[in-house]
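Chain residues, written in single-letter form:
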Amino acid sequence: GPPGSAAPAAPKAPAPVSFYNTGGGGGGGVAGVTGQMGQMSVGPPSSMGAGPPGPGAGPPGPGGVPAGVPPGMGGGAYGVPPGMEGGMGPGGGLPPGAPAPAEPIKLDPDAQCDTRYMRFTAGKISHSEDGAKNTKVPMGVVLNPMAMDMPGDNDPVDVVNFGATGIVRCKRCRTYINPFVNWLNNGRQWRCNICGYVNEVPSTYFSHLDEDGQRRDKAQRPELCKGSVELVAPSEYMLRPPQAPVYVFVMDVSAGAVSSGMLNCAVATIKECLDELPGVAGGRTQVGFLAFDSAVHFFNLKSSLSQPQMLTVPDLAELFLPLPDDLLVNLTDCRHVVDALLDALPTMFASTRKLDCALGPALVAANRIQSHIGGKMVVFLSNLPSVGEARLKHRENPRALGSDKEHVMLNPSEEWYKTKAIEFSRFQICVDLFLFSSQYTDVATLSCLPKYTAGTLQYYPAFHASRDGVKFQAELKRCLLRPTGFEAVMRVRCTRGLRIANFYGNFFIRGTDLLALPNCHPDNSFAFDIVHDDAVLATNLVSVQAALLYTTSNGERRIRVHTMAIPVTQIAGEVVKR
């Protein structure tokens, strides 16, 4: 797994998930890819100020707290002293001439998300841009939004259903309600910890504040006391109904794949995993199979057949689907045909002498099969693609090693793979690529497929089943059986005065900051840089929030929200001290 993820224990059923109903009753609808996520931004323009206080709030007093609110009643989970409640935005912070607060910031560790989900690279963040540069410490966050979802992890994320109230979010920057917001006007308003905007609290979500300025129902609401929660997405987060989990296997059946034992290992592992694929328990999972050598082989898996039918299309220039409706089938309904195919595949091509690989046409065919739904495409390749579109050339040059031309070999040699990967991402298709070549493999070019589709790449140089088979089967099994979110998008926000400069990982960025993830799973890790947008931060605590919208294998639309707060310091030594 990726750094920071919990090691899986012995397989057993995941711990039960606690559900909370929040608001005026009613269930949240199951949803598809959200339209709202596309409109959210990392933060507002710096020229925008905080929102106005609500009706009946009275004129604002010092620090932005409405008049009539007793001292200490305007704070939030920050533990911010009176006078500091304003936080970010014009008019926030200390009034002119007010003394600096004497008490240090105290963070509730239970309100922070687990560091296995999200972790800052330093102990604190410098209050100024110059200070951050002088420390020479990279400022960023490592994020693994589904790190603890593997069976055996006994700390599940609480699921919250806002019901008829609707998900509570900032109306300006679209931040989700979290433990680090400030409560104002005796609980009738809340100040966003990302942009500083003052939002009205829905009447069905209202609760009075206690003597510490905290909501009296804080302990009963996971979204107000825990840094990681999962929200049930209502119907407005839908562009289409949630789709079934789809697995399309694109298998190399050339002579190299057969002689190395790769085909036998792959087929045996897939058959072993069929009963445990995500969504199988609910009868929703769909599967399809393609094989390729110098031609593309399709398999009719219709449930009325006793044995699968193979249909070969040798004309790679005029590729077509011979049976569009029976190439992708429900696994539960057609299980006997799928089992028969997996039993027969190794013997079908046992005596083949074909060395060519038509990977490009096979990818085009697989895309046509599953583009109306999306899902996962698992590709096995034992040779350099040599025929059809997207064929690659042997370009290894030992003389270039150590020279100023070495970097050329590390760049993709063919734009087709990147273009096709972006097309896959648009259709919600993730590519997991397994490479086994005994000779030169253009990994730099082929890696574009998983890179832009949030997939993974596994490379076994000169694969032989007797030596590498156990490792390959274990990694393929994990790839197929790990908990998977489908049709996912993710956005990260940080407090005003900071901005996110760069993202790292396997994804495709829509717009400027929306990460498109056709699949998301516990092995997905991402990182991003945080830089100062203002010369000096106007707050002594900053927040980072990551929101992942995805569909579970059971067909439920969820929003997983991770929030953490980072203290601000003027002392360089505290930046590097954890």
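Structure's up top.
Only a predicted model underlies this, so the values are computations on that prediction, with no experimental measurement involved. Every chain is numbered independently, its residues counted from 1 as its sequence is written. Restriction of local features to residues with pLDDT of at least 70 applies here, the model being predicted, together with a cutoff of 80 or more for giving and counting side-chain atom pairs; totals for whole chains, interfaces and linings are based on all residues. To obtain the side-chain values, all non-hydrogen atoms of the structure were used and water was disregarded.

Asker: Help me get a handle on the overall build of the protein chain, residues and values and all.
Answerer: Where helices and strands are cited, they refer to DSSP runs of H or I of at least four residues and of E of at least two residues respectively, numbered from the N terminus. Counting its regular elements, the protein chain contains 11 helices and 24 strands. When a residue's accessible area, from a 1.4 Å probe over protein chains only, is under 20% of the maximum for its type it is buried; when over 50% it is exposed; and in between it is partly exposed. Residues classed as buried in the protein chain amount to 56% of the 578 residues present. Here a residue-residue contact requires only that any non-hydrogen atoms of the pair lie within 4.5 Å. Residue pairs in contact within the protein chain that sit at least 24 positions apart in sequence constitute 77% of those at least 6 positions apart. The Shrake-Rupley method, run with a 1.4 Å probe sphere, supplies the accessible areas, and residue values consider only the shown protein chains as cover. Surface summary for the protein chain: the accessible area is close to 23600 Å², and the carbon and sulfur share equals 53%.

Asker: Before we move on, can you summarise helix H10 (residues 465-481) with the specific residues and values?
Answerer: Those residues of H10 that sit buried are Asp468, Gly469, Phe472, Leu476, Cys479 and Leu480. Turning to H10, the residues buried within the fold contact strand S10 (246-252), helix H4 (262-273), strand S15 (375-381) and strand S16 (429-435).

Asker: Kindly report on the packing of H4 against H10, identifying the contributing residues and their values.
Answerer: Two quantities define a packed helix pair, namely the angle between the axes and the distance from one axis to the other. Note on geometry: axes are lines fitted to C-alpha atoms, helical ones only across the stretch in contact, with angles between N-to-C directions running from 0 to 180 degrees. H10 packs onto H4 with a crossing angle of 35° between their chain directions and a minimal axis gap of 9 Å. The handedness of the crossing between H4 and H10 is right-handed. Here Met262, Cys265, Ala266, Ala268, Thr269, Ile270, Glu272 and Cys273 of H4 lie close against H10, whose contacting residues are Ala465, Gly469, Phe472, Gln473, Leu476, Lys477, Leu480 and Leu481. Side-chain classes are defined by residue name, with Ala, Val, Leu, Ile, Met, Phe, Trp, Tyr, Cys and Pro counting as nonpolar, Asp, Glu, Lys and Arg as charged, and the others, Gly among them, as polar. When grouped by side-chain class, the residues that make up the contact of H4 with H10 number 11 nonpolar, three polar and two charged. Handedness of a crossing is defined here by the sense of rotation of the near helix relative to the far one, left-handed for an anticlockwise turn of less than a right angle and right-handed for a clockwise turn.

Asker: Please provide a residue-by-residue account of unusual backbone geometry, values included.
Answerer: Look at Lys136: it is not a glycine, yet its phi comes out positive at around 60°. Along the chain, Lys136 falls in the loop between helix H1 (129-135) and strand S4 (140-143). Overall, Lys136 belongs to the exposed group, its relative accessible area being 72%.

Asker: Lay out the environment of Tyr205 with the relevant residues and their values.
Answerer: For Tyr205, the position within the fold is in the loop between strand S8 (198-200) and helix H2 (222-225). A residue is classified by how much of its surface remains accessible, and Tyr205, at 1% relative accessible area, is buried. Separated by 37 residues in the primary sequence, Tyr205 and Val168 place their C-alpha atoms 8.7 Å from one another.

Asker: Account for the sheet that holds strand S2 (residues 118-120), naming residues and giving values.
Answerer: Pairing within the open sheet is antiparallel, and its four strands lie in the order S2-S4-S22-S19. A single partner strand is all that each edge strand has here, and the edge strands are S2 and strand S19 (498-504). Within this sheet the neighbouring strands show an average axis-to-axis angle of 25°, counted without direction. Here S4 runs beside strand S22 (residues 526-532); their pairing, made up of four bridges, is antiparallel. Opposite Val142, over in S22, you have Ala527 as the bridge partner. Between any two strands, at least two bridges found by DSSP are needed for them to pair.

Asker: Can you lay out the packing of aromatic side chains for me, pointing to particular residues and giving the numbers?
Answerer: A pair of Phe, Tyr and Trp rings is counted when the ring centres sit within 6.5 Å of each other, with Trp represented by its six-membered ring. The angle between the planes then sorts it: under 30 degrees is stacked, over 60 is edge-to-face, the rest tilted. For the coordinates displayed, the defined rule picks out 15 aromatic pairs. Seen from their ring centres, Tyr460 and Phe472 are 5.6 Å apart, and the 75° between their planes marks the pair as edge-to-face. Here Tyr460 is found in the loop between strand S17 (457-459) and H10, whereas its partner Phe472 is found in helix H10, with 12 residues between them in sequence. Residues Tyr460 and Phe472 agree in their burial class; the two are buried. Among the aromatic side chains, those forming a connected cluster through ring pairs are Phe380, Phe434, Phe436, Tyr460, Phe463 and Phe472.

Asker: Pulling in residues and values, what's your account of the sheet that holds strand S6 (residues 182-184)?
Answerer: Where strands meet in a sheet, backbone hydrogen bonds hold them as pairs that are either parallel or antiparallel. The strand order S6-S7-S8 describes an open sheet built from three strands, whose pairing is antiparallel. The sheet is open, and its two edges are formed by S6 and S8, each paired on a single side. Sheet twist, expressed as the mean angle between neighbouring strand axes with direction ignored, is 30°. Direction of pairing for strand S7 (residues 189-191) relative to S8: antiparallel, over a ladder of three bridges. Across the sheet, Trp190 pairs through a bridge with Asn199, a residue of S8.

Asker: If you had to explain the pattern of salt bridges to someone new, which residues and values would you point to?
Answerer: One speaks of a salt bridge when a side-chain nitrogen belonging to Lys or Arg is within 4 Å of a carboxyl oxygen belonging to Asp or Glu. Inspection of the entire model under this criterion finds 26 salt bridges. For the salt bridge of Glu475 with Lys471, the shortest nitrogen-to-oxygen distance reads 2.8 Å. With Glu475 and Lys471 both in helix H10, this residue pair falls four residues apart, about one helical turn. Shared partners join several salt bridges into a network, and the residues in it are Asp149, Glu230, Glu556, Arg558 and Arg560.

Asker: Describe in detail helix H5 (residues 335-348), supporting the description with residues and values.
Answerer: Counted at 1.5 Å a residue, the expected span for H5 with its 14 residues is 20 Å, and the 19 Å between its end C-alpha atoms agrees. Those residues of H5 that fall on the buried side of the exposure criterion are Val337, Val338, Asp339, Ala340, Leu341, Leu342, Ala344, Leu345 and Pro346. Check the buried side of H5 and you find it contacts S10, H4, strand S11 (286-292) and strand S12 (296-300). One less than the residue count of a helix, multiplied by 1.5 Å, gives the span that helix is expected to have.

Asker: Pulling in residues and values, what's your account of the nonpolar core?
Answerer: Think of a nonpolar core as a cluster: buried Ala, Val, Leu, Ile, Met, Phe, Trp, Tyr and Cys residues, connected wherever their side-chain atoms sit within 4.5 Å. Ranked by internal contacts, the top residues of the largest apolar core, which has 43 residues, are Val250, Phe298, Leu363, Met377 and Tyr417. Top element by residues in this core is helix H6 (residues 359-370). It accounts for seven residues. Apart from residues no more than four positions distant in its own chain, Met377 is found in contact with Val248, Val250, Leu363, Ala366, Asn367, Gln370, Phe424, Ile429, Cys430, Val431 and Asp432. By size, the runner-up hydrophobic cluster in this structure holds 40 residues, among which are Cys273, Leu331, Leu341 and Leu480.

Asker: Tell me about the pairing of strand S18 (residues 485-494), residues and numbers included.
Answerer: For S18, a buried count of 10 out of 10 residues is recorded, marking the element as mostly surrounded by other parts of the structure. Across five bridges, the pairing between S18 and strand S21 (residues 514-520) is antiparallel. Paired with Gly485 across the strands is Cys520, a residue of S21. In this sheet, strand S23 (residues 541-551) lies alongside S18 in antiparallel orientation, the contact comprising seven bridges. Residue pairing in the sheet places Phe486 in a bridge with Thr551 of S23.

Asker: Report on the side chain of Ser228, specifying residues and quantitative values.
Answerer: Within the secondary structure, Ser228 sits in strand S9 (residues 228-232). Judged by its relative accessible area of 12%, Ser228 is buried. Separated by 2.7 Å, the side chains of Ser228 and His562 make a polar contact. The contacts of Ser228, once residues within four sequence positions are left out, are Cys113, Asp114, Tyr117, Val157, Val561 and His562. Under this definition, polar contacts are N or O atom pairs within 3.5 Å; protein pairs additionally need one hydrogen-donor-capable and one acceptor-capable atom, and for neighbouring residues in sequence, both atoms have to be side-chain atoms.

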